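One letter stands for each residue in the lines below.
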Amino acid sequence: MKKKVKKFTARTVRKSAHVTRMVLSLGANYSGRLENKAHRIINGTDASIKLHDKVLFEQLYYETLPYVLPMHPALPKVDRKGEVTLLIPSLQKSSFFDGTASALIFTALLAQEKKQGIRVVETLKHGHAKTEQLVEFFEKNGIHITSKQIEIVDASPRKYNNYGYINIHPEDTFIASAWWDAYVLEKLPLQKKFIYLIQDYEPIFYANSDRYIMAEGTYKSEKFIPVCNTELMYRFMVSKDYKYIEKNALWFEPAVGIGEKVGRSVAKKPGNKKRMFIYGRPSVERNLFYTAIKSINEVFLSQELDTNEWEIFMAGQDNINNIQLESGIVINNLGKMNIDEYYQFAKTVDLAVSLMMAPHPSYPPLEFSSIGAAVVTTSYETKQDLSMYSKSIFVAKEYSELNSLIVKASNLSYDDRIKNTGSSIINSDWKKSLKNVIEELASK
């Protein structure tokens, strides 16, 4: 009887909560629409109510496409010397991973080679990272730089009617790591070519659109020195017939320092369940999150993998619930881990499922395979095989292969996985990885 009362009470609470949520949701949606409507009316861009008979081109254009808001050149201070200047969308400690980390390390090593300071310019959003946090990050990667050698500039508040300025010294070296920053640099009166760090094929981030055209157009300029992150990325750009990049690009293989930090073996205790990891970022569509969890759901539902032998985790994004699969096993979300938490967790993983619909290998497959985990990922155009990085990386050339590859990778023995870490081109030292590229750039 008590259980029935509790269930009835719970249902009543649920119903009340549902009605309240619907009312609040409707109110929030209405308020949001009202705010947007008022904004459009004030700016003269609303089609139904016009306070103005026209709108300024620059207002319409740059409020719609804030990525390409220009920066205007300014003279440097009299005592300022040339610096290596990295333009980056946002600088926050939680983003010191993957491409952002590579761009920062690349900038720091080039600055050291040129005996110059570092300037980091945030172009889209102020990330609130401090110079001390950058110093700590560089130290962890074996790069010794003091806070006095680093300057952080926030250029994100600029708008169509609020110009952003950047002072330019003749000896400055500029680096772009995103298409919109390359777009902005192309328009500046630089006395030498900037460096375009190409780490992905960014036009495919968008559907057929203005942004696609803008992103793709940055590869057709000749105002930059192209530097591709991985030979695979370079080969892809060649396949797209970017002749200037084909003839002038440098490329490097990234360093994956995770092995040096946690030891090149998976730290397992006898009797523990096997551990599966999913790169859980549904907000980043090229990670194919729903394709990954569908395949994992199916291999457990078909009992090709035993739910009693495995535990599953995902990480990379905070706002995701744990997911109960149809077999009953739960994918536990660890959220957005900091770098140390990520490294410590990684050494406990047996199998990583990290899909990436992009021409580069991406970092998780390199990181997990470098310390003895099996990895399942996906192909994309010129990226068909990653065995040069590790024989523990399984690439699905067709999405119909995912289920069978997950099972195949799960059966790779611990000894074989550890053995495969010894036959890999994955580097663990950024200085060695970038040495030739940095020296050639410095000489230019």
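Everything numeric here is computed off the predicted structure, so don't read it as measured data.

**What to know about the packing of aromatic side chains**
Per the counting criterion, the structure on display carries 28 aromatic pairs. Ring geometry for Phe205 versus Tyr206: centroids 6.3 Å apart, planes at 55°, classification tilted. One aromatic cluster is present, formed by Phe194, Tyr196, Tyr201, Tyr219, Phe224, Phe236, Tyr242, Tyr244 and Tyr380 through successive ring pairs. The lysine or arginine in question, Lys187, covers the ring of Tyr183, its NZ or CZ lying 3.8 Å from the ring centre. It is Arg286 that lies over the ring of Phe205; its NZ or CZ is 4.0 Å from the centre.

**Points about the environment of His72**
Tracing the backbone shows His72 in strand E1 (residues 71-74). Ignoring any residue separated from it by four or fewer positions in sequence, one finds His72 in contact with Tyr163, Gly164, Tyr165, Ile166 and Leu188.

**A word on the side chain of Asn229**
By secondary structure assignment, the location of Asn229 is in strand E8 (residues 224-229). Among the polar contacts made by the side chain of Asn229, one reaches the side chain of Gln199 at a distance of 2.8 Å. A distance of 3.1 Å separates polar atoms of two side chains, one belonging to Asn229 and the other to Tyr363. Those residues in contact with Asn229 that lie beyond four places of it in its chain are Ser102, Ile198, Gln199, Phe252, Pro254 and Tyr363.

**With respect to the sheet that holds strand E13 (residues 330-333)**
With mixed pairing, seven strands are arranged side by side in an open sheet as E12-E13-E11-E10-E14-E15-E16. Where the open sheet ends on each side, the last strands, each with one partner, are strand E12 (323-324) and strand E16 (393-396). When strand E11 (residues 310-315) meets E13, the two strands line up parallel, connected through three bridges. If you follow Phe313 over to E13, its bridge partner there is Asn332.

**Things to note about the pairing of E16**
What you see with E16 is no split at all: Ile393 and Val395 on one side and Phe394 and Ala396 on the other are buried throughout. One ladder, built from four bridges, connects strand E15 (residues 374-378) with E16; its direction is parallel. When the sheet's bridge partners are listed, Val375 is paired in E16 with Ile393.

**Here's the deal with helix H10 (residues 289-301)**
Over its 13 residues, H10 extends 18 Å from the first C-alpha to the last, a length consistent with the 18 Å expected when each residue adds 1.5 Å. Buried residues of H10: Phe289, Ala292, Ile293, Ser295, Ile296, Asn297, Val299 and Phe300, and no others. Where H10 is buried, its residues touch strand E10 (274-279), E11, E12, E13, strand E14 (351-353) and helix H13 (402-410). Phi for Gln303, located one or two positions after H10, is positive at around 65°.

**Looking at the pattern of salt bridges**
Counting across every chain of the model gives 17 salt bridges. Among the ionic pairs, Arg286 bridges to Asp200, the shortest N-O distance being 3.4 Å. Here Arg286 is found in the loop between E10 and H10, whereas its partner Asp200 is found in the loop between strand E7 (194-198) and helix H6 (210-217), with 86 residues between them in sequence. For the salt bridge of Glu439 with Lys435, the shortest nitrogen-to-oxygen distance reads 2.9 Å. One end of the pair is Glu439 and the other is Lys435, both in helix H15 (residues 430-443) and four residues apart, which spans about a single turn.

**Regarding the packing of helix H3 (residues 98-114) against helix H4 (residues 131-140)**
One way to put it is that H3 packs onto H4 with a least axis distance of 11 Å and a crossing angle of 85°. Accordingly, the angle class assigned to the pair H3 and H4 is roughly perpendicular. Contact residues: H3 offers Ala101, Leu104, Ile105 and Ala108, while H4 offers Leu134, Phe137 and Phe138. When grouped by side-chain class, the residues that make up the contact of H3 with H4 number seven nonpolar, no polar and no charged.

Calculation notes
- The written sequence of each chain sets the order in which its residues are numbered from 1.
- Thresholds applied to this predicted model are a pLDDT of at least 70 for local features of residues and 80 or more for the giving and counting of side-chain atom pairs; totals over whole chains, interfaces and linings are not thresholded and use all residues.
- Each side-chain value is derived from all of the structure's non-hydrogen atoms; neither hydrogens nor water enter the calculation.
- Each Phe, Tyr or Trp ring, with Trp reduced to its six-membered ring, pairs with another whose centre is within 6.5 Å; inter-plane angles below 30 degrees give stacked pairs, above 60 give edge-to-face pairs, and intermediate values give tilted ones.
- Only when the NZ atom of a Lys or the CZ atom of an Arg is both within 6 Å of the ring centre and within 35 degrees of the ring normal do we say a charge sits over the ring.
- For helices the rule is a DSSP run of H or I covering at least 4 residues; for strands it is a run of E covering at least 2, with both sets numbered from the N terminus onward.
- Any two residues whose heavy atoms approach within 4.5 Å are treated as being in contact.
- Here a polar contact is taken to be a pair of N or O atoms separated by no more than 3.5 Å, where protein atoms must pair a possible hydrogen donor with a possible acceptor and residues adjacent in sequence count only if both atoms sit in side chains.
- Strands are treated as partners if at least two bridges between them are detected by DSSP.
- Accessible area is worked out with a 1.4 Å probe on protein chains only. A residue is then buried under 20% of its type maximum, exposed over 50%, and partly exposed in between.
- What a helix is expected to span follows from its residue count: subtract one and scale by 1.5 Å.
- Salt bridges, as used here, are contacts in which a Lys or Arg side-chain nitrogen is within 4 Å of a carboxyl oxygen on Asp or Glu.
- Comment: axis = line fitted to C-alpha atoms, over the contacting stretch for helices; angle = value between 0 and 180 degrees taken between N-to-C directions.
- An angle counts as roughly parallel when it lies under 35 degrees, as roughly antiparallel when it exceeds 145, as roughly perpendicular when it falls between 65 and 115, and as oblique in every other case.
- Under the scheme applied here, ten amino acids are nonpolar (Ala, Val, Leu, Ile, Met, Phe, Trp, Tyr, Cys and Pro), four are charged (Asp, Glu, Lys and Arg), and all others, including Gly, are polar.

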